[in-house]
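Chain by chain, the residues:
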Amino acid sequence: MDTHQSANLYTEALDYFPGGVNSPVRAFRSVFGQPLFIEKGDGCRIWDVDGNEFIDFCCSWGPLILGHNHPHVRENILTALEKGTSFGAPTKYGNDLAAMILKNHRFIEKIRFVSSGTEAVMSGVRLARGATNRKKVIKFEGCYHGHVDHLLVKAGSGLATFGVSSSAGVPDSFAQETIVIPLNDRAALAKAFEQHPDDIAAVIVEPIPANNGLLLQDRSFLECLRLKCHQNNSLLIFDEVISGFRVGFEGAAGYYDIQPDIITFGKIIGGGMPVGAYGASKEIMSHIAPDGPVYQAGTLSANPVAMAAGAAQLSICLQDGFYEQLENKTRSLVDRINQFAKQNDYPVQLFQMASIFWFAFSKAERIQAASEIEAEKMSFFKTFHKYLLENGVYVGPSGYEVCFVSQAHTEADLEQAGTVICNALKAVFE
Ligand SMILES: *Cc1c(COP(=O)(O)O)cnc(C)c1O
(Lines give C-alpha, C1' and ligand atoms only; values in the text may rest on other atoms or scores of the structure.)
Protein backbone atom coordinates (compact mmCIF):
# COMPACT_ATOMS: atom_id res chain seq x y z
CA MET A 1 0.00 0.00 0.00
CA ASP A 2 1.40 3.38 -1.03
CA THR A 3 1.11 5.80 1.89
CA HIS A 4 3.86 8.28 1.08
CA GLN A 5 1.59 11.34 1.02
CA SER A 6 0.18 10.48 4.44
CA ALA A 7 3.75 9.93 5.64
CA ASN A 8 4.79 13.38 4.38
CA LEU A 9 1.82 15.08 6.04
CA TYR A 10 2.51 13.22 9.26
CA THR A 11 6.15 14.35 9.25
CA GLU A 12 4.92 17.93 8.82
CA ALA A 13 2.26 17.46 11.53
CA LEU A 14 4.91 16.31 13.99
CA ASP A 15 6.27 19.87 13.85
CA TYR A 16 2.87 21.36 14.61
CA PHE A 17 1.11 19.12 17.09
CA PRO A 18 2.20 17.06 20.10
CA GLY A 19 2.73 13.58 18.69
CA GLY A 20 1.64 14.92 15.30
CA VAL A 21 -2.05 14.65 16.22
CA ASN A 22 -4.91 16.57 17.80
CA SER A 23 -6.25 13.63 19.79
CA PRO A 24 -3.92 10.92 21.10
CA VAL A 25 -5.66 7.77 19.86
CA ARG A 26 -5.20 8.94 16.26
CA ALA A 27 -1.45 8.48 16.63
CA PHE A 28 -1.15 4.74 15.83
CA ARG A 29 1.03 4.25 18.92
CA SER A 30 -0.38 0.80 19.66
CA VAL A 31 -0.46 -0.52 16.08
CA PHE A 32 1.99 -0.75 13.20
CA GLY A 33 2.58 2.11 10.79
CA GLN A 34 1.63 5.77 10.92
CA PRO A 35 -1.66 7.62 10.86
CA LEU A 36 -3.37 7.88 7.50
CA PHE A 37 -4.53 11.34 6.47
CA ILE A 38 -8.08 11.10 5.21
CA GLU A 39 -9.09 13.00 2.10
CA LYS A 40 -12.82 12.27 1.93
CA GLY A 41 -15.62 9.98 2.96
CA ASP A 42 -18.78 8.87 1.22
CA GLY A 43 -21.28 6.33 2.50
CA CYS A 44 -19.42 3.62 4.40
CA ARG A 45 -16.11 4.34 2.64
CA ILE A 46 -13.20 6.68 3.23
CA TRP A 47 -10.21 7.53 1.02
CA ASP A 48 -6.81 8.61 2.25
CA VAL A 49 -4.66 11.27 0.56
CA ASP A 50 -2.81 8.55 -1.40
CA GLY A 51 -6.11 7.35 -2.88
CA ASN A 52 -6.38 4.14 -0.84
CA GLU A 53 -10.01 3.16 -0.26
CA PHE A 54 -11.38 1.63 2.94
CA ILE A 55 -14.67 0.33 4.27
CA ASP A 56 -14.85 2.34 7.49
CA PHE A 57 -15.87 0.87 10.84
CA CYS A 58 -14.50 3.78 12.88
CA CYS A 59 -17.12 6.22 11.55
CA SER A 60 -15.40 9.12 13.30
CA TRP A 61 -15.54 7.08 16.57
CA GLY A 62 -19.30 6.77 16.50
CA PRO A 63 -21.05 9.99 15.38
CA LEU A 64 -21.68 8.93 11.78
CA ILE A 65 -24.58 6.52 12.17
CA LEU A 66 -25.68 7.38 8.61
CA GLY A 67 -22.17 7.03 7.19
CA HIS A 68 -20.11 9.77 5.56
CA ASN A 69 -21.45 12.71 3.60
CA HIS A 70 -25.10 11.74 3.88
CA PRO A 71 -27.05 13.90 1.38
CA HIS A 72 -29.79 14.94 3.83
CA VAL A 73 -27.27 15.97 6.49
CA ARG A 74 -25.15 17.81 3.94
CA GLU A 75 -28.15 19.71 2.54
CA ASN A 76 -29.38 20.73 5.98
CA ILE A 77 -25.91 21.99 6.87
CA LEU A 78 -25.70 24.01 3.64
CA THR A 79 -29.13 25.56 4.17
CA ALA A 80 -28.15 26.69 7.67
CA LEU A 81 -24.71 27.82 6.51
CA GLU A 82 -26.14 30.21 3.95
CA LYS A 83 -27.60 32.28 6.77
CA GLY A 84 -24.40 32.57 8.75
CA THR A 85 -22.41 30.36 11.09
CA SER A 86 -22.95 31.66 14.60
CA PHE A 87 -24.77 34.47 16.40
CA GLY A 88 -24.36 33.90 20.12
CA ALA A 89 -28.13 34.34 20.30
CA PRO A 90 -30.95 31.77 20.15
CA THR A 91 -31.93 30.32 16.76
CA LYS A 92 -34.84 28.15 15.66
CA TYR A 93 -32.39 25.35 14.84
CA GLY A 94 -31.77 24.73 18.54
CA ASN A 95 -35.51 24.57 19.26
CA ASP A 96 -36.09 22.16 16.39
CA LEU A 97 -33.43 19.69 17.51
CA ALA A 98 -34.52 19.91 21.16
CA ALA A 99 -38.17 19.36 20.21
CA MET A 100 -37.31 16.32 18.12
CA ILE A 101 -35.30 14.80 20.95
CA LEU A 102 -37.63 15.59 23.85
CA LYS A 103 -40.70 14.40 21.98
CA ASN A 104 -39.13 11.02 21.28
CA HIS A 105 -37.13 10.39 24.45
CA ARG A 106 -39.09 9.45 27.56
CA PHE A 107 -36.16 9.77 29.96
CA ILE A 108 -35.43 13.53 29.86
CA GLU A 109 -37.69 16.58 30.07
CA LYS A 110 -35.22 19.38 29.40
CA ILE A 111 -31.92 19.55 27.60
CA ARG A 112 -28.95 21.93 27.32
CA PHE A 113 -26.66 21.86 24.28
CA VAL A 114 -22.88 22.15 24.55
CA SER A 115 -20.09 21.52 22.05
CA SER A 116 -18.56 18.14 22.96
CA GLY A 117 -19.13 14.99 24.95
CA THR A 118 -16.48 16.05 27.45
CA GLU A 119 -18.30 19.30 28.05
CA ALA A 120 -21.59 17.45 28.46
CA VAL A 121 -20.13 15.19 31.15
CA MET A 122 -18.33 18.03 32.91
CA SER A 123 -21.58 20.00 33.04
CA GLY A 124 -23.68 16.98 34.03
CA VAL A 125 -21.41 16.21 36.97
CA ARG A 126 -21.42 19.87 38.06
CA LEU A 127 -25.21 19.80 37.91
CA ALA A 128 -25.29 16.65 40.08
CA ARG A 129 -23.00 18.27 42.63
CA GLY A 130 -24.97 21.51 42.59
CA ALA A 131 -28.32 19.75 42.92
CA THR A 132 -27.21 17.52 45.81
CA ASN A 133 -24.76 19.83 47.54
CA ARG A 134 -22.31 16.94 47.72
CA LYS A 135 -18.79 16.43 46.42
CA LYS A 136 -17.91 12.86 45.55
CA VAL A 137 -18.55 10.95 42.37
CA ILE A 138 -18.35 7.19 41.87
CA LYS A 139 -17.07 6.06 38.49
CA PHE A 140 -16.13 2.67 37.10
CA GLU A 141 -12.78 1.38 35.99
CA GLY A 142 -12.74 1.16 32.20
CA CYS A 143 -15.48 3.75 31.66
CA TYR A 144 -14.34 6.84 29.77
CA HIS A 145 -16.14 10.10 30.30
CA GLY A 146 -14.07 12.45 28.19
CA HIS A 147 -11.01 14.29 29.45
CA VAL A 148 -12.74 15.89 32.43
CA ASP A 149 -10.04 16.48 35.09
CA HIS A 150 -11.52 14.63 38.01
CA LEU A 151 -12.78 11.73 35.89
CA LEU A 152 -9.35 10.96 34.40
CA VAL A 153 -8.73 8.51 37.15
CA LYS A 154 -8.27 4.79 37.25
CA ALA A 155 -8.58 2.43 40.14
CA GLY A 156 -5.73 1.17 42.24
CA SER A 157 -5.92 -2.46 43.22
CA GLY A 158 -8.57 -3.62 45.62
CA LEU A 159 -12.02 -2.28 46.25
CA ALA A 160 -13.31 1.28 46.50
CA THR A 161 -10.00 2.96 45.87
CA PHE A 162 -9.68 6.70 45.90
CA GLY A 163 -8.72 7.96 42.52
CA VAL A 164 -5.14 8.48 41.53
CA SER A 165 -5.15 10.51 38.36
CA SER A 166 -4.04 8.81 35.19
CA SER A 167 -3.02 12.17 33.72
CA ALA A 168 -0.37 14.66 34.75
CA GLY A 169 -1.84 18.07 35.45
CA VAL A 170 -4.72 16.80 37.57
CA PRO A 171 -4.14 17.64 41.26
CA ASP A 172 -4.59 14.73 43.68
CA SER A 173 -7.12 16.86 45.52
CA PHE A 174 -9.37 16.79 42.42
CA ALA A 175 -8.93 13.08 41.88
CA GLN A 176 -9.75 12.43 45.51
CA GLU A 177 -13.32 13.47 44.95
CA THR A 178 -13.64 10.52 42.59
CA ILE A 179 -14.12 6.98 43.84
CA VAL A 180 -13.23 4.35 41.26
CA ILE A 181 -14.64 0.85 41.50
CA PRO A 182 -14.73 -2.09 39.08
CA LEU A 183 -17.73 -2.61 36.81
CA ASN A 184 -20.11 -5.41 37.75
CA ASP A 185 -18.98 -5.31 41.41
CA ARG A 186 -21.90 -4.80 43.76
CA ALA A 187 -19.82 -5.32 46.91
CA ALA A 188 -17.48 -2.48 45.96
CA LEU A 189 -20.47 -0.27 45.23
CA ALA A 190 -22.08 -1.02 48.58
CA LYS A 191 -18.81 -0.38 50.37
CA ALA A 192 -18.29 2.98 48.66
CA PHE A 193 -21.74 4.14 49.79
CA GLU A 194 -21.12 2.84 53.31
CA GLN A 195 -17.84 4.71 53.57
CA HIS A 196 -19.30 8.00 52.35
CA PRO A 197 -22.94 7.89 53.43
CA ASP A 198 -23.77 11.55 52.85
CA ASP A 199 -21.22 12.67 50.32
CA ILE A 200 -21.85 10.83 47.04
CA ALA A 201 -23.30 13.38 44.61
CA ALA A 202 -23.54 10.94 41.74
CA VAL A 203 -22.71 7.60 40.25
CA ILE A 204 -21.62 8.01 36.64
CA VAL A 205 -21.54 5.05 34.29
CA GLU A 206 -21.44 4.25 30.62
CA PRO A 207 -24.49 1.96 30.76
CA ILE A 208 -23.07 0.24 27.70
CA PRO A 209 -19.33 0.58 28.37
CA ALA A 210 -17.70 0.90 24.95
CA ASN A 211 -14.43 2.75 25.48
CA ASN A 212 -12.35 -0.10 26.87
CA GLY A 213 -13.61 -3.00 24.87
CA LEU A 214 -17.36 -3.59 24.95
CA LEU A 215 -18.01 -4.54 28.57
CA LEU A 216 -21.69 -5.43 28.43
CA GLN A 217 -23.29 -5.30 31.87
CA ASP A 218 -26.24 -7.25 33.19
CA ARG A 219 -29.40 -5.20 33.46
CA SER A 220 -29.55 -6.20 37.12
CA PHE A 221 -26.26 -4.39 37.77
CA LEU A 222 -27.60 -1.17 36.27
CA GLU A 223 -30.77 -1.64 38.32
CA CYS A 224 -28.62 -2.03 41.39
CA LEU A 225 -26.98 1.35 40.61
CA ARG A 226 -30.44 2.87 40.28
CA LEU A 227 -31.54 1.47 43.61
CA LYS A 228 -28.38 2.43 45.51
CA CYS A 229 -28.60 5.99 44.23
CA HIS A 230 -32.24 6.24 45.32
CA GLN A 231 -31.45 4.86 48.76
CA ASN A 232 -28.59 7.31 49.27
CA ASN A 233 -30.12 10.42 47.68
CA SER A 234 -27.40 10.38 45.03
CA LEU A 235 -28.01 10.99 41.35
CA LEU A 236 -27.45 8.39 38.65
CA ILE A 237 -25.76 9.74 35.52
CA PHE A 238 -25.86 7.69 32.35
CA ASP A 239 -23.04 8.80 30.08
CA GLU A 240 -24.66 8.02 26.74
CA VAL A 241 -22.20 9.87 24.54
CA ILE A 242 -21.72 6.61 22.58
CA SER A 243 -24.91 4.69 23.36
CA GLY A 244 -27.33 7.64 22.96
CA PHE A 245 -29.22 7.40 19.64
CA ARG A 246 -27.02 4.37 18.83
CA VAL A 247 -28.72 1.38 20.45
CA GLY A 248 -32.11 2.98 19.86
CA PHE A 249 -33.39 6.55 19.85
CA GLU A 250 -33.69 6.39 23.64
CA GLY A 251 -30.24 4.91 24.01
CA ALA A 252 -29.38 2.66 26.91
CA ALA A 253 -32.04 4.20 29.16
CA GLY A 254 -34.65 2.96 26.70
CA TYR A 255 -32.90 -0.33 25.98
CA TYR A 256 -32.75 -1.32 29.65
CA ASP A 257 -35.82 0.72 30.60
CA ILE A 258 -34.04 2.36 33.51
CA GLN A 259 -34.62 6.00 34.42
CA PRO A 260 -31.34 7.76 35.20
CA ASP A 261 -31.37 11.24 36.78
CA ILE A 262 -29.09 12.88 34.23
CA ILE A 263 -28.11 11.73 30.73
CA THR A 264 -25.13 13.06 28.76
CA PHE A 265 -24.98 12.98 24.97
CA GLY A 266 -22.45 13.62 22.23
CA LYS A 267 -21.28 11.97 19.01
CA ILE A 268 -24.47 11.01 17.06
CA ILE A 269 -26.44 14.00 18.37
CA GLY A 270 -24.38 16.37 16.20
CA GLY A 271 -24.54 14.55 12.87
CA GLY A 272 -20.76 14.79 12.55
CA MET A 273 -20.52 18.37 13.86
CA PRO A 274 -19.27 19.26 17.36
CA VAL A 275 -22.32 18.91 19.64
CA GLY A 276 -22.86 17.54 23.11
CA ALA A 277 -25.83 17.84 25.46
CA TYR A 278 -27.10 16.91 28.87
CA GLY A 279 -30.66 16.36 29.90
CA ALA A 280 -32.72 15.56 32.97
CA SER A 281 -36.11 16.19 34.58
CA LYS A 282 -37.41 19.76 34.65
CA GLU A 283 -36.79 19.84 38.37
CA ILE A 284 -33.12 18.84 38.11
CA MET A 285 -32.51 21.10 35.11
CA SER A 286 -33.93 24.06 37.08
CA HIS A 287 -30.61 24.20 38.93
CA ILE A 288 -28.86 25.39 35.76
CA ALA A 289 -28.18 29.10 35.16
CA PRO A 290 -29.98 31.40 34.53
CA ASP A 291 -32.81 29.55 36.35
CA GLY A 292 -30.56 28.23 39.10
CA PRO A 293 -27.14 28.57 40.70
CA VAL A 294 -25.17 26.00 38.64
CA TYR A 295 -23.28 28.01 36.03
CA GLN A 296 -22.75 26.57 32.56
CA ALA A 297 -22.31 28.48 29.30
CA GLY A 298 -20.80 28.31 25.81
CA THR A 299 -19.98 30.79 23.03
CA LEU A 300 -20.79 28.26 20.31
CA SER A 301 -23.42 26.24 22.21
CA ALA A 302 -26.37 25.22 20.01
CA ASN A 303 -24.48 26.48 16.99
CA PRO A 304 -27.05 26.65 14.16
CA VAL A 305 -25.00 24.74 11.59
CA ALA A 306 -24.29 21.96 14.08
CA MET A 307 -27.95 21.87 15.21
CA ALA A 308 -29.02 21.53 11.57
CA ALA A 309 -26.66 18.58 11.10
CA GLY A 310 -27.92 16.88 14.25
CA ALA A 311 -31.57 17.38 13.33
CA ALA A 312 -31.05 15.98 9.84
CA GLN A 313 -29.34 12.88 11.21
CA LEU A 314 -31.77 12.24 14.06
CA SER A 315 -34.82 12.67 11.82
CA ILE A 316 -33.58 9.67 9.81
CA CYS A 317 -32.86 7.67 12.97
CA LEU A 318 -36.53 8.15 13.86
CA GLN A 319 -37.76 6.41 10.71
CA ASP A 320 -39.53 3.08 11.18
CA GLY A 321 -37.25 0.08 11.34
CA PHE A 322 -34.05 2.15 11.32
CA TYR A 323 -32.48 0.54 14.37
CA GLU A 324 -33.77 -2.97 13.61
CA GLN A 325 -32.18 -2.93 10.16
CA LEU A 326 -28.90 -1.67 11.53
CA GLU A 327 -28.83 -4.31 14.24
CA ASN A 328 -29.75 -7.16 11.88
CA LYS A 329 -27.02 -6.23 9.40
CA THR A 330 -24.50 -6.03 12.19
CA ARG A 331 -25.62 -9.38 13.59
CA SER A 332 -25.10 -11.13 10.24
CA LEU A 333 -21.55 -9.82 10.03
CA VAL A 334 -20.77 -10.67 13.64
CA ASP A 335 -22.29 -14.16 13.41
CA ARG A 336 -20.34 -14.95 10.27
CA ILE A 337 -17.00 -13.96 11.82
CA ASN A 338 -17.77 -15.70 15.10
CA GLN A 339 -18.65 -18.91 13.27
CA PHE A 340 -15.46 -18.73 11.26
CA ALA A 341 -13.37 -18.18 14.41
CA LYS A 342 -15.10 -21.04 16.20
CA GLN A 343 -14.70 -23.50 13.31
CA ASN A 344 -11.00 -22.75 13.23
CA ASP A 345 -10.66 -22.67 16.99
CA TYR A 346 -9.14 -19.18 16.93
CA PRO A 347 -8.99 -17.46 20.35
CA VAL A 348 -11.06 -14.50 19.24
CA GLN A 349 -14.73 -13.52 19.23
CA LEU A 350 -16.88 -10.51 18.58
CA PHE A 351 -19.15 -9.04 21.20
CA GLN A 352 -22.08 -7.05 19.86
CA MET A 353 -24.65 -4.55 21.06
CA ALA A 354 -26.94 -3.15 18.36
CA SER A 355 -24.63 -1.67 15.69
CA ILE A 356 -21.54 -1.71 17.94
CA PHE A 357 -19.10 -4.62 17.89
CA TRP A 358 -15.73 -5.38 19.45
CA PHE A 359 -12.98 -7.88 18.62
CA ALA A 360 -12.09 -9.66 21.85
CA PHE A 361 -8.98 -11.80 21.60
CA SER A 362 -10.30 -14.19 24.20
CA LYS A 363 -12.50 -17.26 24.53
CA ALA A 364 -14.15 -16.06 27.74
CA GLU A 365 -17.92 -16.30 27.55
CA ARG A 366 -18.40 -12.80 28.92
CA ILE A 367 -16.06 -9.89 29.61
CA GLN A 368 -17.68 -7.44 31.99
CA ALA A 369 -14.81 -5.65 33.70
CA ALA A 370 -11.70 -3.88 32.42
CA SER A 371 -9.41 -6.21 34.41
CA GLU A 372 -10.74 -9.22 32.46
CA ILE A 373 -9.14 -7.98 29.24
CA GLU A 374 -5.78 -9.65 28.72
CA ALA A 375 -3.39 -6.85 27.75
CA GLU A 376 -0.78 -9.20 26.23
CA LYS A 377 -3.37 -10.37 23.67
CA MET A 378 -3.31 -6.92 22.10
CA SER A 379 -0.27 -8.05 20.10
CA PHE A 380 -2.74 -10.08 17.99
CA PHE A 381 -4.66 -6.89 17.33
CA LYS A 382 -1.55 -5.17 15.93
CA THR A 383 -1.08 -7.79 13.21
CA PHE A 384 -4.82 -7.93 12.62
CA HIS A 385 -5.06 -4.15 12.20
CA LYS A 386 -2.18 -4.05 9.71
CA TYR A 387 -3.76 -6.76 7.57
CA LEU A 388 -7.15 -5.01 7.61
CA LEU A 389 -5.70 -1.66 6.52
CA GLU A 390 -3.69 -3.25 3.73
CA ASN A 391 -6.84 -4.94 2.50
CA GLY A 392 -9.22 -2.00 2.60
CA VAL A 393 -10.89 -2.20 6.02
CA TYR A 394 -10.45 0.69 8.45
CA VAL A 395 -10.98 0.17 12.19
CA GLY A 396 -9.81 2.38 15.06
CA PRO A 397 -6.07 1.94 15.73
CA SER A 398 -6.40 0.23 19.13
CA GLY A 399 -7.69 -3.15 20.24
CA TYR A 400 -9.60 -1.47 23.06
CA GLU A 401 -11.78 0.44 20.62
CA VAL A 402 -15.14 -0.74 19.34
CA CYS A 403 -16.36 -0.71 15.72
CA PHE A 404 -19.52 0.92 14.39
CA VAL A 405 -21.82 -0.11 11.56
CA SER A 406 -23.71 2.70 9.83
CA GLN A 407 -26.86 2.83 7.75
CA ALA A 408 -24.60 3.28 4.71
CA HIS A 409 -22.96 -0.15 5.11
CA THR A 410 -24.89 -2.37 2.65
CA GLU A 411 -25.14 -6.16 2.87
CA ALA A 412 -22.64 -6.30 0.01
CA ASP A 413 -20.18 -3.99 1.82
CA LEU A 414 -20.45 -6.11 4.95
CA GLU A 415 -20.01 -9.29 2.92
CA GLN A 416 -16.83 -7.85 1.43
CA ALA A 417 -15.54 -6.61 4.78
CA GLY A 418 -16.43 -9.93 6.43
CA THR A 419 -14.25 -11.82 3.97
CA VAL A 420 -11.31 -9.49 4.62
CA ILE A 421 -11.80 -9.83 8.38
CA CYS A 422 -11.89 -13.65 8.22
CA ASN A 423 -8.74 -13.65 6.10
CA ALA A 424 -7.10 -11.28 8.55
CA LEU A 425 -7.84 -13.68 11.42
CA LYS A 426 -6.35 -16.50 9.40
CA ALA A 427 -3.25 -14.39 8.82
CA VAL A 428 -2.99 -13.65 12.53
CA PHE A 429 -3.43 -17.20 13.81
CA GLU A 430 -1.76 -19.34 11.11
C1 LIG B 1 -16.44 10.11 23.31
C2 LIG B 1 -16.94 10.05 24.72
C3 LIG B 1 -16.86 11.16 25.58
C4 LIG B 1 -16.15 12.42 25.19
O5 LIG B 1 -16.73 13.06 24.10
P6 LIG B 1 -15.85 14.11 23.25
O7 LIG B 1 -16.82 14.66 22.26
O8 LIG B 1 -14.73 13.31 22.66
O9 LIG B 1 -15.37 15.13 24.21
C10 LIG B 1 -17.45 11.07 26.82
N11 LIG B 1 -18.07 9.94 27.23
C12 LIG B 1 -18.16 8.87 26.44
C13 LIG B 1 -18.91 7.67 26.92
C14 LIG B 1 -17.58 8.88 25.16
O15 LIG B 1 -17.64 7.78 24.40
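Residues numbered from 1 in each chain as written. Predicted model: local features only at pLDDT ≥ 70, side-chain atom pairs only at ≥ 80, totals over all residues. Heavy atoms only, no water.

K.L.:
Just give me the short version of the site of the ligand, but keep the residues and values in it.
P.N.:
With respect to spatial proximity, the complete set of residues near the ligand consists of Ser 116, Gly 117, Thr 118, Tyr 144, His 145, Gly 146, Glu 206, Asn 211, Asp 239, Val 241, Ile 242 and Lys 267. Contacts to the ligand include Tyr 144, whose backbone N or O atom sits 3.4 Å from a nitrogen atom. Between the ligand and Asp 239 there is a distance of 2.7 Å, counted from a nitrogen atom to a side-chain nitrogen or oxygen. When the ligand sits alone it has 380 Å² of accessible area, and the protein chains cover 83% of it. A class-by-class count of the residues in the shell around the ligand yields three nonpolar, six polar and three charged. (Near = heavy atom within 4 Å. Polar contact = N/O pair within 3.5 Å; in protein donor to acceptor, adjacent residues only side chain to side chain. Areas by Shrake-Rupley, 256 points an atom, 1.4 Å probe, with all protein chains shown as cover. Nonpolar A, V, L, I, M, F, W, Y, C, P; charged D, E, K, R; others polar.)

K.L.:
Quick one: what's the story with the sheet that holds strand E15 (residues 356-360), residue by residue and with numbers?
P.N.:
Strand order in the open sheet formed by three strands is E14-E15-E17, with antiparallel pairing between adjacent strands. Lying at the two open borders of the sheet, with one neighbouring strand each, are strand E14 (349-353) and strand E17 (403-404). Across five bridges, the pairing between E14 and E15 is antiparallel. Residue pairing across strands places Met 353 opposite Ile 356, the latter belonging to E15. Of the strands in this sheet, E14 and E15 are in contact with helix H11 (residues 322-343), which crosses E14 at around 165°. (Pairing = 2+ DSSP bridges. Helix = DSSP H or I, 4+ residues; strand = E, 2+ residues; numbered from the N terminus. Contact = heavy atoms within 4.5 Å. Axes fitted to C-alpha atoms, helices over the stretch in contact; angles between N-to-C directions.)

K.L.:
So, the side chain of Glu 119: which residues are in play, and what are the values?
P.N.:
Tracing the sequence through the fold places Glu 119 in helix H4 (residues 117-132). The residues contacting Glu 119, other than those within four sequence positions of it, are Val 114, Gln 296 and Ala 297.

K.L.:
For the domain arrangement of the protein chain, give the residues involved together with the corresponding values.
P.N.:
Taken domain by domain, the protein chain holds domain 1 (4-69 + 320-429) and domain 2 (71-317). Inter-centroid distance (C-alpha atoms) of domain 1 to domain 2 is 25 Å. Each side of the interface is counted separately: domain 1 has 27 residues, and domain 2 has 32 residues. Carbon and sulfur atoms supply 61% of the area buried between domain 1 and domain 2, which totals about 2600 Å² over both sides. (Domains from an automatic or database assignment. Buried area = accessible area lost by both parts, 1.4 Å probe.)

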